[in-house]
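A look at the structure
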Amino acid sequence: MAQITTRNPDVFHETQQIRRQLLVEGCLPQGVLREEIDASWRRSLEHGLDCQGEEGMAGSQEADLELLFANNRLLIDAATPELDYLIRQQGKERLIILGNAHAQVLAVEGLTDALKSTGLRDLRPGSCWSESLRGTNAIGTALIEARPTLINHGEHYLDRLSHFSCTSVPIKDPQGQVAGVLDLTREGVLSEPRDSFATLMLAASNIESRLFTGTYPDELVLAFHTRRQYLGSSWHGLLALSLDGEVLAANDQACSLLQIPRHMLLGCKSSHLLGSGSPAFIERLLQGGVSNIQTIKGEFFVRTLQVPRHARHGKVVSVRREPVAKRQELEALAAGDARFARALRMA
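All of the points below concern the structure found in this document.

Rules of the game
- Residue positions are given per chain, counted from 1 along the sequence in the order it is written.
- Owing to the predicted nature of the model, reporting of local features is limited to residues with pLDDT of at least 70; listing and counting of side-chain atom pairs is limited to 80 or more, with chain, interface and lining totals taken over all residues.
- Excluded from the side-chain calculation are hydrogens and water; included are all heavy atoms of the structure.
- The helix count covers DSSP runs of H or I at least four residues long, the strand count covers runs of E at least two residues long, and both are numbered beginning at the N terminus.
- Whether two residues are in contact is decided by their heavy atoms: any pair within 4.5 Å suffices.
- We get accessible surface area from the Shrake-Rupley algorithm with a probe of 1.4 Å; when it comes to residues, only the shown protein chains can shield them.
- The rule for pairing is simple: two strands pair if DSSP sees at least two bridges between them.
- The nonpolar core is taken to be a set of buried Ala, Val, Leu, Ile, Met, Phe, Trp, Tyr and Cys residues, with the residues joined through side-chain atoms within 4.5 Å.
- Burial classification: accessible surface area is computed with a 1.4 Å probe over protein chains only, and a residue below 20% of its type maximum counts as buried, one above 50% as exposed, and the rest as partly exposed.
- Pairs of N or O atoms within 3.5 Å make up the polar contacts considered here, provided that, within protein, one atom can donate a hydrogen while the other can accept it, and that residues adjacent in sequence are counted only when both atoms are side-chain atoms.
- Cavity and pocket criteria rest on a 1 Å grid covering protein atoms alone: a 1.4 Å probe that fits but cannot get out defines a cavity, protein on both sides within 12 Å along at least 5 of 7 lines defines an open pocket, and an atom within 4 Å of a point defines a lining residue.
- Grid points are joined across faces, edges and corners, and a volume is the space filled by probe spheres set on the points.
- Amino acid classes used here: Ala, Val, Leu, Ile, Met, Phe, Trp, Tyr, Cys and Pro are nonpolar; Asp, Glu, Lys and Arg are charged; the rest, including Gly, are polar.
- We define a salt bridge as a side-chain nitrogen of Lys or Arg found within 4 Å of a carboxyl oxygen belonging to Asp or Glu.
- Fitting a line to C-alpha atoms yields each axis, with helices limited to the stretch in contact; the angle taken between N-to-C directions then spans 0 to 180 degrees.
- Helices are assigned an expected span. That span is 1.5 Å times one less than the residue count.
- In this analysis the local bend is the angle between axes fitted, respectively, to the seven residues ending at and the seven residues starting at the residue.

Observations regarding the overall build of the protein
Scanning the protein from terminus to terminus reveals 13 helices and 10 strands. Of the contacts formed within the protein by residues at least 6 apart in sequence, a portion of 57% connects residues at least 24 apart. For the protein, the accessible area works out to roughly 16500 Å², and carbon and sulfur atoms hold 50% of it.

Overview of the pairing of strand E8 (residues 247-250)
Within a regular strand, side chains alternate between the sheet's two faces. Pairing of strand E7 (residues 237-241) with E8 involves three bridges; the strand directions are antiparallel. Looking at E8, one finds that Leu241 is bridged to Val247. Connecting the antiparallel pair E7 and E8 is a turn made up of five residues, with Gly245 showing a positive phi of about 90 degrees.

Regarding the nonpolar core
Formed by 29 residues in total, the largest nonpolar core has its most connected members in Trp41, Leu120, Leu123 and Ile139. Of all the secondary-structure elements, those providing two or more residues to this core are helix H1 (11-25), helix H2 (35-46), strand E1 (95-100), strand E2 (105-110), helix H6 (138-145) and strand E4 (164-172).

A short note on H6
Residues spaced three or four apart along an α-helix face the same direction, because each turn holds 3.6 residues. Extensive coverage of H6 is indicated by the burial of six of its eight residues. Of all the residues in H6, the buried ones are Ala138, Ile139, Gly140, Thr141, Ala142 and Leu143. Its side-chain oxygen at 3.1 Å from the backbone nitrogen of Ile139, Asn137 defines the N-terminal cap of H6. Positive phi shows up at Ala146, right after H6, with a value of about 55 degrees.

As for the pairing of E2
Two strands pair when backbone bridges link them, and E1 and E2 are joined in this way by five bridges, in the antiparallel orientation. The partner of Ile97 across the bridge, within E2, is Val108. Counting the residues that bridge the hairpin from E1 to E2 gives four residues, and of these Ala103 lies at a positive phi of roughly 65 degrees.

Re the layout of surface pockets
For the second largest pocket, the calculated volume is near 400 Å³. Val169, Met201, Ser205, Glu208 and Gln253 are, among the 17 residues lining the second largest pocket, the residues nearest its centre. Where the lining of the second largest pocket is concerned, the elements lending two or more residues are E4, helix H7 (193-215) and helix H8 (252-258). Examining the composition of the lining of the second largest pocket, we find that six residues originate from one element, H7, more than from any other. Taken together, the residues that form the lining of the second largest pocket break down as 10 nonpolar, three polar and four charged.

Details of the environment of Ile18
In this fold, Ile18 is placed in helix H1. Apart from the residues within four sequence positions on either side, Ile18 is in contact with Leu28, Pro29, Val32, Leu33 and Trp41.

Some points on the pattern of salt bridges
Taken as a whole, this structure holds 13 salt bridges when the rule is applied. As a salt-bridge pair, Glu36 and Arg34 come within 2.7 Å of each other at their nearest N and O atoms. Glu36 sits in the buried class, given a relative accessible area of 10%. Linked by salt bridges that have partners in common, Arg43, Glu131, Glu145 and Arg147 make up one network.

What to know about the sheet that holds strand E9 (residues 290-295)
Reading across from one edge, E8-E7-E6-E10-E9 is the order of the five strands in this open sheet, with antiparallel pairing throughout. With partners counted over all chains shown, the strands left at the sheet margins are E8 and E9, one partner each. On average, each strand axis in the sheet is inclined to that of its neighbour by 30 degrees, with strand direction left out of account. With six bridges joining them, E9 and strand E10 (residues 298-306) adopt antiparallel strand pairing. In the sheet register, Gln294 faces E10, and the bridge partner there is Glu299.

Section: unusual backbone geometry
Despite not being glycine, Ala103 has its phi angle at roughly 65 degrees, a positive value. With a relative accessible area of 1%, Ala103 lands in the buried category. The phi dihedral of Gln259 falls on the positive side, at around 60 degrees, and the residue is not glycine. Within the element layout of this structure, Gln259 appears in the loop between H8 and helix H9 (262-265). Its relative accessible area of 60% is what places Gln259 among the exposed residues.

Remarks on helix H4 (residues 73-90)
Taking 1.5 Å of rise per residue, 18 residues should cover 26 Å, and H4 covers 24 Å from first to last C-alpha, within 8% of that figure. Thr80 marks where H4 bends most, by close to 45 degrees; the proline Pro81 follows one to four residues later. Of the positions making up H4, those classed as buried are Leu75, Ile76, Ala78, Ala79, Glu82, Leu83, Leu86 and Gln90. Its buried side turned inward, H4 meets helix H3 (65-71), E1, E2, E4, strand E5 (178-187) and H7.

Regarding empty space enclosed by the protein
The full count for this structure, using the stated rule, is six cavities of 30 Å³ or more. The computed volume of the largest cavity comes to approximately 120 Å³. For the largest cavity, the lining is made up of 16 residues, of which Lys172, Glu208, Asn251, Asp252 and Gln253 are closest to its centre. Of all elements in the fold, only H7 and H8 reach the threshold of two or more residues within the lining of the largest cavity. When residues of the lining of the largest cavity are assigned to their parent elements, the largest contribution, four residues, is made by H7. Considering only enclosed or pocket space, the second largest cavity measures out at about 90 Å³ in volume.

Printed below as a string of structure tokens:
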């Protein structure tokens, strides 16, 4: 959870004074802002941003929307149910924003009518809200910090954004890398940020579960927990397994429940983790339902969330797969371009 205390209750007027000091002296005073805000302001200053300027308003960093949406289709589809829910619950008072791993805005919903008359006129799909372009902001800062982030009233680096309060939570992919960010923005002071964080973290967890199954449509996806009642919740562990029993991906909860770091889980055989990797065990998982198994870590309840497409007719077929490390290398080479990544995998 992000730190939510402030050093001074009158942050808004204090940061106004700091901005004026920046213009005159070109340096940031020590020990005034919250630690994570101070670090972000210093990064913004290093990027050469003018805290009183209109950075980003020209829109020169906006992406081709058709290509942007195509490259982020899996994330957008996974987030759509949560966006719809947040719009119903929060949309009359707040903005709901979805961004990708490069701080490019994929969706802006909710109180959008207020955008044209405020400092958020440039907040629209395709715009980039990285710290390097727009200074301290909940989208760009959360991506750098890779943790839930609060930017309260007055704490944005750019003065034109200082009237807003934002909370955001990173969204992680099955390999534990940040795939995007979910943000709630409102005007004025956010007096109870814990409520916003709780809402966003639950939504992000649901999105991550959909990303997990969507990333591995040809693999066996399992949910597990030490308590049966937690299956289907945001706290269950997720594993993607080949039909040979190799672990291809694990979410944060899986690593925590198994007490094994992700880099040690990937490539392991399910027999080492779940106590069995026999064909009969895999067949039982393919039948669905809930199984309880004894492992060296204790008893786990396991439910099959997804059966490989090539095994849905009752016949288990082993398919050729790329090694996990090779697939990650190809995705890195593609630099977020879904079409290029697909072409590399087929080459």
